[in-house]
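Next come the chains, spelled out residue by residue.
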Amino acid sequence: MGHNFLSLEDYTPPDWASGIPLAPSRRFRLGMLPTPIHEWRLPGLPEGVRVLVKRDDLSGMQLSGNKVRKLEFLLAAAAAGGHDCVVTIGGIQSNHARATAVAARYLGLDCHLILRTSRQDVDSDPGLVGNLLVERLAGAQLHMVTKEEYGAVGSTALLEQLALELQAAGKNPYVIPVGGSSALGTWGYLQAIDEIIHQSREMGETITDIAMACGSGGTTAGLALGSHLSGLGARVHAYGVCDTPSYFYDYINGLFQGLGLEALAVQSLLRAVQARGAGYAISTEEELATVQAVAAATGVVLDPVYSGKAVHALLREVRADPGAWRGRTVLFVHTGGLLGMYDKLDQLGPLV
(Lines give C-alpha, C1' and ligand atoms only; values in the text may rest on other atoms or scores of the structure.)
Protein backbone atom coordinates (compact mmCIF):
# COMPACT_ATOMS: atom_id res chain seq x y z
CA MET A 1 0.00 0.00 0.00
CA GLY A 2 1.39 3.39 -1.00
CA HIS A 3 4.68 2.25 -2.56
CA ASN A 4 3.49 3.31 -6.02
CA PHE A 5 1.55 6.38 -4.89
CA LEU A 6 1.32 9.14 -7.53
CA SER A 7 2.80 6.97 -10.26
CA LEU A 8 1.33 6.85 -13.76
CA GLU A 9 1.24 3.20 -14.77
CA ASP A 10 0.17 0.99 -17.62
CA TYR A 11 -3.11 -0.73 -16.80
CA THR A 12 -4.33 -4.18 -17.77
CA PRO A 13 -7.94 -5.06 -16.86
CA PRO A 14 -8.69 -8.25 -14.90
CA ASP A 15 -9.14 -11.27 -17.16
CA TRP A 16 -12.88 -11.35 -16.50
CA ALA A 17 -13.19 -7.74 -17.75
CA SER A 18 -11.10 -8.20 -20.88
CA GLY A 19 -14.20 -8.32 -23.08
CA ILE A 20 -15.32 -4.76 -22.28
CA PRO A 21 -14.76 -2.74 -25.48
CA LEU A 22 -13.85 0.58 -23.80
CA ALA A 23 -10.93 -0.17 -21.50
CA PRO A 24 -8.28 2.20 -20.13
CA SER A 25 -4.61 1.64 -20.76
CA ARG A 26 -3.26 3.95 -18.03
CA ARG A 27 -3.92 4.48 -14.34
CA PHE A 28 -2.68 7.24 -12.04
CA ARG A 29 -2.23 5.75 -8.58
CA LEU A 30 -3.99 8.05 -6.10
CA GLY A 31 -5.53 5.71 -3.53
CA MET A 32 -4.17 3.95 -0.48
CA LEU A 33 -5.28 0.57 -1.78
CA PRO A 34 -6.44 -2.05 -1.05
CA THR A 35 -8.79 -0.64 1.58
CA PRO A 36 -9.61 -3.03 4.44
CA ILE A 37 -12.67 -5.21 4.88
CA HIS A 38 -13.79 -6.14 8.38
CA GLU A 39 -16.73 -7.41 10.41
CA TRP A 40 -19.29 -4.71 11.19
CA ARG A 41 -21.62 -5.38 14.11
CA LEU A 42 -24.28 -2.82 13.36
CA PRO A 43 -26.65 -1.98 16.21
CA GLY A 44 -30.00 -3.72 15.95
CA LEU A 45 -28.90 -6.15 13.26
CA PRO A 46 -31.20 -9.22 13.34
CA GLU A 47 -29.82 -12.63 14.25
CA GLY A 48 -28.39 -14.57 11.33
CA VAL A 49 -27.47 -11.55 9.19
CA ARG A 50 -23.79 -10.64 8.83
CA VAL A 51 -22.47 -7.33 7.59
CA LEU A 52 -18.90 -6.63 6.54
CA VAL A 53 -17.71 -3.15 5.65
CA LYS A 54 -15.34 -2.18 2.84
CA ARG A 55 -13.53 0.87 4.17
CA ASP A 56 -13.17 3.07 1.11
CA ASP A 57 -13.41 5.98 3.54
CA LEU A 58 -9.78 5.01 4.30
CA SER A 59 -8.56 5.34 0.70
CA GLY A 60 -6.61 8.43 1.75
CA MET A 61 -6.96 11.54 3.89
CA GLN A 62 -7.44 14.56 1.63
CA LEU A 63 -8.41 12.12 -1.12
CA SER A 64 -10.63 9.81 0.91
CA GLY A 65 -13.71 8.07 -0.41
CA ASN A 66 -14.96 6.38 -3.53
CA LYS A 67 -14.07 9.22 -5.91
CA VAL A 68 -10.39 8.33 -5.64
CA ARG A 69 -10.87 5.11 -7.60
CA LYS A 70 -12.64 6.90 -10.47
CA LEU A 71 -10.09 9.71 -10.55
CA GLU A 72 -7.25 7.22 -11.00
CA PHE A 73 -8.52 6.56 -14.52
CA LEU A 74 -9.97 9.98 -15.30
CA LEU A 75 -6.82 11.91 -14.45
CA ALA A 76 -4.66 9.39 -16.28
CA ALA A 77 -6.68 10.33 -19.35
CA ALA A 78 -6.22 14.03 -18.58
CA ALA A 79 -2.47 13.58 -18.36
CA ALA A 80 -2.35 11.52 -21.54
CA GLY A 81 -4.30 14.21 -23.40
CA GLY A 82 -1.94 17.02 -22.42
CA HIS A 83 -4.61 18.94 -20.51
CA ASP A 84 -3.54 21.79 -18.23
CA CYS A 85 -6.65 22.00 -16.04
CA VAL A 86 -9.70 20.01 -15.01
CA VAL A 87 -13.31 21.10 -14.66
CA THR A 88 -16.01 19.36 -12.66
CA ILE A 89 -19.28 20.07 -10.87
CA GLY A 90 -21.19 19.17 -7.72
CA GLY A 91 -23.00 20.41 -4.64
CA ILE A 92 -21.56 22.97 -2.25
CA GLN A 93 -20.18 20.15 -0.04
CA SER A 94 -19.27 17.80 -2.91
CA ASN A 95 -16.80 15.12 -1.87
CA HIS A 96 -16.03 14.56 -5.53
CA ALA A 97 -15.14 18.23 -6.05
CA ARG A 98 -12.76 18.15 -3.08
CA ALA A 99 -11.09 14.95 -4.23
CA THR A 100 -10.73 16.33 -7.77
CA ALA A 101 -9.16 19.54 -6.48
CA VAL A 102 -6.53 17.63 -4.50
CA ALA A 103 -5.83 15.06 -7.22
CA ALA A 104 -5.47 17.74 -9.88
CA ARG A 105 -2.96 19.61 -7.76
CA TYR A 106 -0.98 16.40 -7.30
CA LEU A 107 -0.63 16.32 -11.09
CA GLY A 108 0.21 20.02 -11.30
CA LEU A 109 -3.11 20.83 -12.97
CA ASP A 110 -5.36 23.78 -12.19
CA CYS A 111 -8.87 22.89 -11.05
CA HIS A 112 -12.16 24.67 -11.66
CA LEU A 113 -15.18 23.64 -9.60
CA ILE A 114 -18.77 24.55 -10.37
CA LEU A 115 -20.60 24.34 -7.05
CA ARG A 116 -24.36 24.37 -6.57
CA THR A 117 -25.72 26.44 -3.70
CA SER A 118 -28.83 28.34 -2.60
CA ARG A 119 -30.01 31.52 -4.31
CA GLN A 120 -29.34 33.62 -1.20
CA ASP A 121 -25.75 32.37 -0.89
CA VAL A 122 -24.62 32.34 -4.53
CA ASP A 123 -23.15 35.85 -4.48
CA SER A 124 -21.51 35.59 -1.06
CA ASP A 125 -18.26 33.97 0.01
CA PRO A 126 -18.93 30.21 0.36
CA GLY A 127 -16.81 29.98 3.50
CA LEU A 128 -14.39 27.35 4.73
CA VAL A 129 -16.65 24.62 6.13
CA GLY A 130 -15.86 20.98 5.39
CA ASN A 131 -14.85 20.18 1.83
CA LEU A 132 -14.65 23.88 0.92
CA LEU A 133 -11.63 24.37 3.18
CA VAL A 134 -9.62 21.65 1.43
CA GLU A 135 -10.66 22.85 -2.04
CA ARG A 136 -9.59 26.41 -1.34
CA LEU A 137 -6.34 25.38 0.32
CA ALA A 138 -5.56 23.32 -2.81
CA GLY A 139 -6.06 26.42 -4.94
CA ALA A 140 -9.23 25.40 -6.77
CA GLN A 141 -11.16 28.12 -8.56
CA LEU A 142 -14.79 28.11 -7.42
CA HIS A 143 -17.67 29.00 -9.74
CA MET A 144 -20.97 29.26 -7.88
CA VAL A 145 -24.38 28.55 -9.44
CA THR A 146 -27.84 28.49 -7.92
CA LYS A 147 -29.80 25.29 -7.53
CA GLU A 148 -32.36 26.78 -9.90
CA GLU A 149 -29.74 27.45 -12.59
CA TYR A 150 -28.32 23.97 -12.12
CA GLY A 151 -31.77 22.44 -12.54
CA ALA A 152 -32.69 24.54 -15.57
CA VAL A 153 -29.41 24.35 -17.47
CA GLY A 154 -28.08 20.97 -16.33
CA SER A 155 -24.65 19.87 -15.23
CA THR A 156 -23.46 18.88 -18.72
CA ALA A 157 -24.26 22.27 -20.26
CA LEU A 158 -22.71 24.14 -17.33
CA LEU A 159 -19.51 22.14 -17.71
CA GLU A 160 -19.43 22.72 -21.46
CA GLN A 161 -19.96 26.46 -20.99
CA LEU A 162 -17.08 26.80 -18.52
CA ALA A 163 -14.83 24.61 -20.70
CA LEU A 164 -15.49 26.92 -23.67
CA GLU A 165 -14.63 29.97 -21.56
CA LEU A 166 -11.36 28.37 -20.48
CA GLN A 167 -10.52 27.38 -24.06
CA ALA A 168 -11.13 30.97 -25.15
CA ALA A 169 -8.59 32.02 -22.51
CA GLY A 170 -6.01 29.65 -23.98
CA LYS A 171 -6.50 26.74 -21.58
CA ASN A 172 -6.94 23.06 -22.42
CA PRO A 173 -9.51 21.77 -19.90
CA TYR A 174 -10.39 18.15 -19.20
CA VAL A 175 -14.06 17.87 -18.24
CA ILE A 176 -15.11 15.40 -15.54
CA PRO A 177 -18.88 14.84 -15.09
CA VAL A 178 -20.69 15.05 -11.77
CA GLY A 179 -19.36 12.44 -9.35
CA GLY A 180 -16.74 11.31 -11.88
CA SER A 181 -19.47 9.00 -13.15
CA SER A 182 -18.57 8.43 -16.77
CA ALA A 183 -17.95 5.19 -18.63
CA LEU A 184 -14.22 5.62 -17.98
CA GLY A 185 -14.79 6.42 -14.30
CA THR A 186 -16.76 3.19 -13.96
CA TRP A 187 -13.45 1.32 -14.20
CA GLY A 188 -12.59 2.47 -10.69
CA TYR A 189 -15.15 0.08 -9.22
CA LEU A 190 -14.72 -2.61 -11.82
CA GLN A 191 -11.15 -2.81 -10.53
CA ALA A 192 -12.46 -2.63 -6.94
CA ILE A 193 -14.42 -5.85 -7.53
CA ASP A 194 -11.17 -7.62 -8.36
CA GLU A 195 -9.78 -6.30 -5.07
CA ILE A 196 -12.86 -7.51 -3.19
CA ILE A 197 -12.63 -10.97 -4.75
CA HIS A 198 -9.01 -11.40 -3.66
CA GLN A 199 -9.70 -10.09 -0.15
CA SER A 200 -12.77 -12.28 0.39
CA ARG A 201 -10.81 -15.36 -0.67
CA GLU A 202 -8.01 -14.53 1.75
CA MET A 203 -10.58 -14.03 4.52
CA GLY A 204 -12.51 -17.19 3.67
CA GLU A 205 -15.69 -15.17 3.18
CA THR A 206 -18.55 -15.72 0.72
CA ILE A 207 -20.14 -12.38 -0.03
CA THR A 208 -23.77 -12.77 -1.04
CA ASP A 209 -24.75 -9.09 -1.22
CA ILE A 210 -23.07 -5.74 -1.85
CA ALA A 211 -24.70 -2.52 -0.67
CA MET A 212 -23.73 1.11 -1.08
CA ALA A 213 -25.06 4.65 -1.31
CA CYS A 214 -25.86 5.67 -4.86
CA GLY A 215 -25.49 9.33 -5.77
CA SER A 216 -24.19 9.78 -9.30
CA GLY A 217 -24.30 6.10 -10.29
CA GLY A 218 -20.72 5.32 -11.27
CA THR A 219 -19.76 3.39 -8.15
CA THR A 220 -22.90 1.26 -8.37
CA ALA A 221 -22.36 0.67 -12.09
CA GLY A 222 -18.83 -0.63 -11.57
CA LEU A 223 -19.75 -2.85 -8.63
CA ALA A 224 -22.82 -4.32 -10.34
CA LEU A 225 -21.10 -4.96 -13.66
CA GLY A 226 -18.01 -6.34 -11.94
CA SER A 227 -20.00 -8.67 -9.73
CA HIS A 228 -21.77 -9.98 -12.84
CA LEU A 229 -18.77 -10.39 -15.15
CA SER A 230 -16.37 -11.75 -12.54
CA GLY A 231 -18.70 -14.53 -11.39
CA LEU A 232 -18.83 -13.13 -7.85
CA GLY A 233 -22.60 -13.14 -8.27
CA ALA A 234 -23.42 -10.94 -5.29
CA ARG A 235 -26.79 -9.19 -5.20
CA VAL A 236 -26.16 -5.45 -5.50
CA HIS A 237 -28.34 -3.02 -3.53
CA ALA A 238 -27.99 0.64 -4.50
CA TYR A 239 -29.51 3.00 -1.95
CA GLY A 240 -30.26 6.14 -3.92
CA VAL A 241 -29.75 9.38 -2.01
CA CYS A 242 -31.00 11.80 -4.66
CA ASP A 243 -32.84 10.62 -7.77
CA THR A 244 -35.43 7.89 -8.36
CA PRO A 245 -34.69 4.20 -8.97
CA SER A 246 -35.85 4.56 -12.59
CA TYR A 247 -33.38 7.40 -13.11
CA PHE A 248 -30.51 5.27 -11.81
CA TYR A 249 -31.46 2.30 -13.98
CA ASP A 250 -31.48 4.56 -17.05
CA TYR A 251 -28.27 6.37 -16.15
CA ILE A 252 -26.34 3.19 -15.38
CA ASN A 253 -27.59 1.66 -18.60
CA GLY A 254 -26.06 4.67 -20.35
CA LEU A 255 -22.74 4.05 -18.62
CA PHE A 256 -22.80 0.43 -19.77
CA GLN A 257 -23.49 1.57 -23.33
CA GLY A 258 -20.59 4.00 -23.02
CA LEU A 259 -18.39 1.01 -22.23
CA GLY A 260 -19.60 -0.62 -25.45
CA LEU A 261 -21.96 -3.05 -23.72
CA GLU A 262 -25.38 -2.96 -25.34
CA ALA A 263 -27.23 -6.09 -24.28
CA LEU A 264 -27.24 -5.90 -20.47
CA ALA A 265 -30.49 -5.80 -18.50
CA VAL A 266 -29.57 -3.35 -15.76
CA GLN A 267 -32.38 -4.38 -13.40
CA SER A 268 -31.09 -7.95 -13.42
CA LEU A 269 -27.69 -6.75 -12.17
CA LEU A 270 -28.74 -4.45 -9.36
CA ARG A 271 -31.61 -3.31 -7.20
CA ALA A 272 -32.09 0.44 -6.81
CA VAL A 273 -33.80 1.49 -3.57
CA GLN A 274 -35.21 4.91 -2.75
CA ALA A 275 -33.28 6.19 0.28
CA ARG A 276 -33.16 9.97 -0.13
CA GLY A 277 -35.53 10.62 2.78
CA ALA A 278 -36.34 14.34 2.99
CA GLY A 279 -34.13 15.10 -0.01
CA TYR A 280 -30.54 15.20 -1.22
CA ALA A 281 -28.18 16.38 1.55
CA ILE A 282 -31.16 16.99 3.85
CA SER A 283 -30.85 14.83 6.95
CA THR A 284 -33.77 13.66 9.06
CA GLU A 285 -33.43 13.21 12.80
CA GLU A 286 -33.85 9.46 12.34
CA GLU A 287 -30.99 9.27 9.82
CA LEU A 288 -28.65 11.24 12.05
CA ALA A 289 -29.64 9.07 15.01
CA THR A 290 -28.51 6.05 12.96
CA VAL A 291 -25.20 7.78 12.18
CA GLN A 292 -24.69 8.46 15.89
CA ALA A 293 -25.70 4.94 16.97
CA VAL A 294 -23.41 3.26 14.43
CA ALA A 295 -20.46 5.42 15.48
CA ALA A 296 -21.10 4.75 19.17
CA ALA A 297 -21.44 0.99 18.63
CA THR A 298 -18.71 0.35 16.06
CA GLY A 299 -16.41 3.38 15.86
CA VAL A 300 -17.18 3.79 12.16
CA VAL A 301 -18.36 7.30 11.32
CA LEU A 302 -20.78 7.63 8.40
CA ASP A 303 -21.29 10.80 6.42
CA PRO A 304 -24.89 12.08 6.58
CA VAL A 305 -25.36 12.67 2.84
CA TYR A 306 -24.42 9.26 1.40
CA SER A 307 -23.45 6.28 3.55
CA GLY A 308 -25.47 7.50 6.54
CA LYS A 309 -28.68 7.47 4.49
CA ALA A 310 -27.77 4.15 2.89
CA VAL A 311 -27.07 2.34 6.18
CA HIS A 312 -30.26 3.80 7.67
CA ALA A 313 -32.25 2.38 4.74
CA LEU A 314 -30.41 -0.97 4.80
CA LEU A 315 -31.09 -1.47 8.50
CA ARG A 316 -34.73 -0.49 8.03
CA GLU A 317 -35.12 -3.13 5.30
CA VAL A 318 -33.32 -5.86 7.20
CA ARG A 319 -35.29 -5.21 10.38
CA ALA A 320 -38.59 -5.12 8.47
CA ASP A 321 -38.01 -8.54 6.85
CA PRO A 322 -35.18 -10.36 8.63
CA GLY A 323 -36.10 -13.68 7.06
CA ALA A 324 -35.24 -12.40 3.60
CA TRP A 325 -31.72 -11.55 4.77
CA ARG A 326 -31.04 -14.42 7.19
CA GLY A 327 -27.95 -16.45 6.27
CA ARG A 328 -26.58 -13.73 4.02
CA THR A 329 -23.27 -11.88 4.23
CA VAL A 330 -23.62 -8.28 3.13
CA LEU A 331 -20.59 -6.20 2.16
CA PHE A 332 -21.34 -2.52 2.66
CA VAL A 333 -19.02 -0.21 0.72
CA HIS A 334 -18.35 2.89 2.84
CA THR A 335 -17.78 5.64 0.28
CA GLY A 336 -16.34 8.24 2.66
CA GLY A 337 -17.41 11.87 2.97
CA LEU A 338 -16.46 12.58 6.58
CA LEU A 339 -15.80 16.28 5.85
CA GLY A 340 -19.48 16.69 5.03
CA MET A 341 -20.26 16.14 8.72
CA TYR A 342 -19.19 19.71 9.46
CA ASP A 343 -22.17 21.04 7.52
CA LYS A 344 -24.52 19.24 9.95
CA LEU A 345 -23.13 20.45 13.28
CA ASP A 346 -26.34 22.18 14.36
CA GLN A 347 -28.36 19.00 13.84
CA LEU A 348 -25.73 16.69 15.32
CA GLY A 349 -25.19 18.75 18.47
CA PRO A 350 -28.21 17.46 20.39
CA LEU A 351 -27.28 13.84 19.57
CA VAL A 352 -23.78 13.93 21.00
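Before reading further, recall that the structure is shown in the block above.
Definitions and limits used
- Residues numbered from 1 in each chain as written.
- Predicted model: local features only at pLDDT ≥ 70, side-chain atom pairs only at ≥ 80, totals over all residues.
- Heavy atoms only, no water.
- Salt bridge = Lys/Arg side-chain N within 4 Å of Asp/Glu carboxyl O.
- Helix = DSSP H or I, 4+ residues; strand = E, 2+ residues; numbered from the N terminus.
- Buried < 20%, exposed > 50% of the residue type's maximum accessible area, 1.4 Å probe, protein only.
- Pairing = 2+ DSSP bridges.
- Axes fitted to C-alpha atoms, helices over the stretch in contact; angles between N-to-C directions.
- Contact = heavy atoms within 4.5 Å.
- Phe/Tyr/Trp six-rings, centres within 6.5 Å; stacked < 30°, edge-to-face > 60°.
- Lys NZ or Arg CZ within 6 Å of the ring centre and 35° of its normal.
- Expected span 1.5 Å × (residues − 1).
- Arc of directions from axis to C-beta.

In this section: the pattern of salt bridges. Applying the stated criterion across every chain yields a total of 17 salt bridges. Put simply, Asp10 and Arg26 hold a salt bridge, and the shortest N to O gap is 2.5 Å. Taken together, the positions of Asp10 in strand β1 (residues 8-10) and Arg26 in strand β2 (residues 26-28) put the pair 16 residues apart, joining distant regions of the chain. For Arg26, a relative accessible area of 30% corresponds to the partly exposed category. Among the ionic pairs, Glu195 bridges to Arg69, the shortest N-O distance being 2.8 Å. Placement of the pair is Glu195 in helix α6 (residues 187-203) and Arg69 in helix α1 (residues 67-80), with a sequence separation of 126 residues. We note that Glu195, like Arg69, is buried. Taken together, the shared-partner salt bridges connect Lys54, Asp56, Arg69 and Glu195 into one network.

The next thing to look at is the sheet that holds strand β7 (residues 141-146). On the basis of which strands lie adjacent, the open sheet formed by 4 strands has the order β7-β6-β5-β8 and parallel pairing. Single-partner strands in this sheet number two, and they are β7 and β8 (173-175). When strand polarity is set aside, the average angle formed by the axes of neighbouring strands in this sheet is 25°. Pairing of strand β5 (residues 85-91) with strand β6 (residues 110-117), which is carried by 7 bridges, proceeds in the parallel orientation. By the bridge assignment for β6, Gly90 is matched with Leu115.

Strand order in the open sheet formed by 6 strands is β3-β4-β12-β9-β10-β11, and the pairing between neighbours is mixed. Both edges of this open sheet fall to β3 (37-39) and β11 (271-274), since each of them pairs with a single strand only. Direction aside, neighbouring strands of the sheet carry axes that sit 25° apart on average. The sheet contact formed by strand β10 (residues 235-240) and β11 spans 4 bridges and is parallel. Counterpart to His237 in the pairing with β11 is Arg271. Where helix α8 (residues 245-258) meets the sheet, its contacts fall on β9 (209-214), β10 and β11, and the angle it forms with β11 comes to roughly 145°.

Okay, the packing of aromatic side chains next. One pass over the structure, following the stated rule, counts 7 aromatic pairs. A centroid spacing of 5.4 Å and a plane angle of 70° characterise the contact between Tyr247 and Phe248, whose relative ring orientation is edge-to-face. Here a set of aromatic residues connected by ring pairs shows up, and it is made of Tyr11, Phe73 and Trp187. Arg69 extends its terminal NZ or CZ atom over the ring of Tyr189, reaching a point 5.5 Å from the ring centre. The positively charged end of Arg116 is found above the aromatic ring belonging to Tyr150, 4.5 Å away from the centroid.

Bringing α8 into the picture now. An ideal rise of 1.5 Å per residue puts 20 Å on 14 residues; α8 measures up with 20 Å between its terminal C-alpha atoms. Of all the positions in α8, only Phe248, Tyr249, Ile252, Leu255 and Phe256 are classed as buried. For α8, the arc enclosing every buried residue in end-on projection is 125°, short of the 170-degree limit, so these residues lie on one face. If you follow the buried residues of α8, they end up packed against β9, α7 (218-230), β10, α9 (266-269) and β11. In the segment just after α8, Gly260 is the residue with positive phi, at about 90°.

Keep in mind that these numbers describe shape and distance, not what the molecule does.
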